[in-house]
Amino acid sequence: MSHQEPEAKIFACSQSVYLAEQIAKSYGVELGKVTFSKYSDGEFQPSFEESIRGLRVFLVCSTFPSADNLMELLLMIDAAKRASARHITAVIPYFGWARQDRKDKPRVPIGAKLVAKLLEAAGATRIMTMDLHADQIQGFFEKPVDHLFASTIFLPYVKSLNLENLTIASPDMGGSKRAYAYSKFLESDVVICYKQRKAANVIESMELIGEVKGRNIILVDDMIDTGGTLAKAADLMIEKGALSVRAICTHAILSGNAYEKIENSQLSELIVTDSIPLKKESKKIRVVSCAPLFAEVMQMVQHNNSISGKFLM
């Protein structure tokens, strides 16, 4: 008797519907029907409006704050488990709480580890995510983790710019590995920004390691939150003689007055994915969709094919 993979269906949490629709379109299926009942006190309950018994379900949900997004995903996983889904893959384009990947001072939680345990306890059988803040978060899971890299969609765009004297830059020491990986494929030089913080999201000082004069710079990072680091780095590089400064950031958190900082900075362009929906439009922000990448990998997972060819870094 021939082996047959279970049918696959794609569902979305309420804040990731647009991205899930694009993924489903690229995958070639209709987005599954799920409703959320809400109580007056803010409690909510998801409900699958179609049978998922014996199927593989992909639940698309970026877990950016508020915590409701994470709670929605956990409830949907539990509902899928109790509805007898055969495989439950949590598709988390942006894995929230990932900055809490270690104890950097006494008496603090390791939030990323807690989220991993919550997802497994709820019933997720596989995790699919992109550009984790720290690679070691994969080790927090006892289930398979498909860690995708946005470089597969960013690199073709960077090459299309045909920039001369290209230099890749990391906005901090922690991102140097990512910057060197991009520079390897683009055959470019690398510059590192060394920064010191007063507190979270507050930069005390910044210095450059490397030459930027007469170069077109592309800053590479996994996320942009308040925008302070990238704005300060771009201003410093232009001051040091750079011809232009662009930034590539996978996850556009853009909290507080980040949009204003980007608009008022020396950045000529900020390239992001749609892992997190933008709060508003900006002439300086270009969105490159990650939906085709996720759809292709989901197809590979569905048919038990290797996905190693999708890893450029």
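Residues numbered from 1 in each chain as written. Predicted model: local features only at pLDDT ≥ 70, side-chain atom pairs only at ≥ 80, totals over all residues. Heavy atoms only, no water.

Notes on the nonpolar core
Going by this rule: To form a nonpolar core, buried Ala, Val, Leu, Ile, Met, Phe, Trp, Tyr and Cys residues must be joined to one another through side-chain atoms within 4.5 Å. Burial classes follow relative accessibility: with a 1.4 Å probe on protein chains only, a residue under 20% of its type's maximum area counts as buried, one over 50% as exposed, and anything between as partly exposed. To qualify as a helix, a DSSP run of H or I must reach at least 4 residues; to qualify as a strand, a run of E must reach at least 2; elements of each kind are numbered from the N terminus. By definition in these notes, contact holds between two residues if any of their heavy atoms fall within 4.5 Å.
If you look at the biggest cluster of nonpolar residues, it comprises 42 residues, and the most contacted ones within it are Ile10, Ile23, Phe58, Met128, Phe294 and Met298. Among the elements that take part in this core, helix α8 (residues 291–302) stands out by supplying eight residues, more than any other. Sequence-distant contacts of Phe294, defined by excluding residues within four places in its chain, comprise Ile23, Val91, Pro93, Met128, Thr129, Met130 and Leu148. Listed in part, the 33 residues of the second largest apolar core include Ile52, Val57, Leu74 and Ile77.

A word on unusual backbone geometry
Here the amide bond leading from Pro65 into Ser66 is cis, since omega sits at 10°, within 30 degrees of zero. Mapped onto the elements, Ser66 comes out in the loop between β4 (56–60) and α2 (68–82). At Trp97, a position not held by glycine, the phi torsion is positive, near 70°. Looking at where Trp97 falls in the secondary structure, it is placed in the loop between β5 (87–92) and α3 (111–122). The backbone phi angle of Asp131 is positive, close to 45°, even though this residue is not glycine. Relative to the helices and strands, Asp131 resides in the loop between β6 (126–130) and β7 (145–148). Among the residues examined, Asp131 registers a relative accessible area of 7% and is labelled buried.

Looking at the sheet that holds β5
The strands making up a sheet are joined through hydrogen bonds of the backbone, oriented either antiparallel or parallel. Inclusion rule: Two strands pair if DSSP finds at least two bridges between them. For every element, the axis is a line fit to its C-alpha atoms; helices are fit only across the contacting stretch, and the angle between N-to-C directions ranges from 0 to 180 degrees.
Ordered in space as β1-β4-β5-β6-β7, the five strands form an open sheet in which the pairing is parallel. Each edge of the sheet is formed by a strand with only one pairing partner; in this case those strands are β1 (8–12) and β7. For this sheet, the mean inter-axis angle between neighbouring strands, taken without regard to orientation, is 15°. With five bridges connecting them, β4 and β5 associate as parallel partners. Residue pairing across strands places Leu59 opposite Ala90, the latter belonging to β5. Strands β1 and β4 of the sheet are contacted by helix α1 (residues 17–27), whose axis makes an angle of about 160° with β1.

Some remarks on the packing of aromatic side chains
Our working definition: Aromatic rings from Phe, Tyr and Trp, taking only the six-membered ring of Trp, are treated as a pair when their centres fall within 6.5 Å; an angle between ring planes under 30 degrees marks them as stacked, one over 60 as edge-to-face, and anything in between as tilted.
Here the structure, examined in full by the defined rule, presents three aromatic pairs. Judged by centre distance (4.7 Å) and plane angle (80°), the rings of Phe11 and Phe48 are edge-to-face. Taken together, the positions of Phe11 in strand β1 and Phe48 in strand β3 (residues 44–48) put the pair 37 residues apart, joining distant regions of the chain. Phe48 matches Phe11 in its accessibility class, with the two residues each being buried. The interplanar angle of 55° and the centroid separation of 6.3 Å between the aromatic rings of Tyr27 and Phe58 together place this pair among those described as tilted. Here Tyr27 is found in helix α1, whereas its partner Phe58 is found in strand β4, with 31 residues between them in sequence. Of the two residues examined, Tyr27 and Phe58, each falls in the buried class.

Here's the deal with the domain arrangement of the chain
For clarity, the cut-off: Reported domain spans reflect what an automatic or database domain assignment gives. Simply put, the buried area is the total loss of 1.4 Å probe accessible area from both parts when two parts are fitted together.
When its domains are assigned, the chain resolves into domain 1 (9–148) and domain 2 (151–289). Computed over C-alpha atoms, the centres of domain 1 and domain 2 are 28 Å apart. Between domain 1 and domain 2, the residue contacts involve 12 residues of the former and 13 residues of the latter. Note on domain 1 versus domain 2: buried area summed over both sides is about 1100 Å², and carbon and sulfur give 56% of it. Its largest share of buried area at the contact with domain 2, domain 1 owes to Tyr94, Arg99 and Asp131, together 43% of the area lost on that side.

Section: helix α6 (residues 228–239)
So the rule is basically this: In this scheme, a helix's expected span is set at 1.5 Å multiplied by one less than its residue total.
Here α6 spans 16 Å end to end across 12 residues, near enough to the 16 Å set by a 1.5 Å rise per residue. What α6 keeps buried is the set Gly228, Thr229, Leu230, Ala231, Ala233, Ala234, Leu236 and Met237. Directly beyond the C-terminal end of α6, a positive phi value near 105° is found at Gly241.

Quick word on the environment of Ala83
Looking at the secondary structure, you find Ala83 in the loop between α2 and β5. Since its relative accessible area comes to 27%, Ala83 is described here as partly exposed. Residues Ala83 and Ile52, 31 residues apart in the sequence, show an inter-C-alpha distance of 6.6 Å. Once residues within four sequence positions are removed from consideration, Ala83 is found in contact with Ile52 and Arg53.

Looking at the packing of helix α4 (residues 151–161) against helix α5 (residues 176–186)
For clarity, the cut-off: Angles below 35 degrees are treated as roughly parallel, those above 145 as roughly antiparallel, those between 65 and 115 as roughly perpendicular, and all remaining angles as oblique. Handedness of each helix crossing follows the sense of rotation of the near helix against the far helix: counterclockwise by less than a right angle gives left-handed, clockwise gives right-handed. When residues are sorted by character, Ala, Val, Leu, Ile, Met, Phe, Trp, Tyr, Cys and Pro go into the nonpolar class, Asp, Glu, Lys and Arg into the charged class, and all the rest, Gly among them, into the polar class.
Between α4 and α5, whose axes approach to 11 Å, the crossing angle comes to 50°. Regarding the angle of α4 to α5, the classification is oblique. The handedness of the crossing between α4 and α5 comes out as right-handed. Across the interface between the two elements, Ser151, Phe154, Leu155, Val158 and Lys159 of α4 pack against Tyr182, Phe185 and Leu186 of α5. Residue classes in the contact of α4 with α5 are distributed as six nonpolar, one polar and one charged.

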